[in-house]
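Examination of the molecular architecture
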Amino acid sequence: MATIEECRSALDELSDNMAGANGDVRSAAALDRSLSCRITDLDVTFVGRLQDGRIVVLDTVQGPPPEKAEIRLAMTGDDLVAMVGGELHFAKAWGSGRVKLEAGLRDLMRLRKLL
């Protein structure tokens, strides 16, 4: 099972990858939205923002997020680490229910370029 530190490191790596992207991926990541990433097996949520093409983690809380973020992710720590490491494809994980993504319709349309 992935640790909280490994999950945080994976989010930082994902943020770096998004910041270094070009074209459609870069424009899709250029949203300014509140973001939460719930790690279900650790019962922890990373709370922050997607801004300027980066994920900025502002806090780590036990349990579910205290407020409903505009973009919400939920998955196990192992799945987060595997996706960022290229071992698990997001679309396959999302389609099978291993990863949950909730956002407004417009945001989902933009985010699909990232996925």
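Further up the page is the structure itself.
So, here's what we can say about the structure. (Residues numbered from 1 in each chain as written. Predicted model: local features only at pLDDT ≥ 70, side-chain atom pairs only at ≥ 80, totals over all residues. Heavy atoms only, no water.)

Another point: the pattern of salt bridges. Summed over the entire model, instances satisfying the criterion amount to seven salt bridges. Among the ionic pairs, R49 bridges to D32, the shortest N-O distance being 3.0 Å. Of the two residues, R49 is situated in strand 2 (residues 44–51) and D32 in the loop between helix 2 (23–29) and strand 1 (33–39); the sequence distance between them amounts to 17 residues. Exposure remark for D32: the relative accessible area of 45% places this residue in the partly exposed category. (Salt bridge = Lys/Arg side-chain N within 4 Å of Asp/Glu carboxyl O. Helix = DSSP H or I, 4+ residues; strand = E, 2+ residues; numbered from the N terminus. Buried < 20%, exposed > 50% of the residue type's maximum accessible area, 1.4 Å probe, protein only.)

Most often, soluble globular proteins have nonpolar side chains that are buried together. Core analysis: the biggest nonpolar cluster contains 28 residues, and I71 and L80 have the highest contact counts within it. Mapped onto this core, the elements with two or more residues apiece are helix 1 (4–19), strand 1, strand 2, strand 3 (54–62), strand 4 (71–75), helix 3 (77–84), helix 4 (90–95) and strand 5 (100–103). (Core = buried A, V, L, I, M, F, W, Y, C linked by side-chain atoms within 4.5 Å.)

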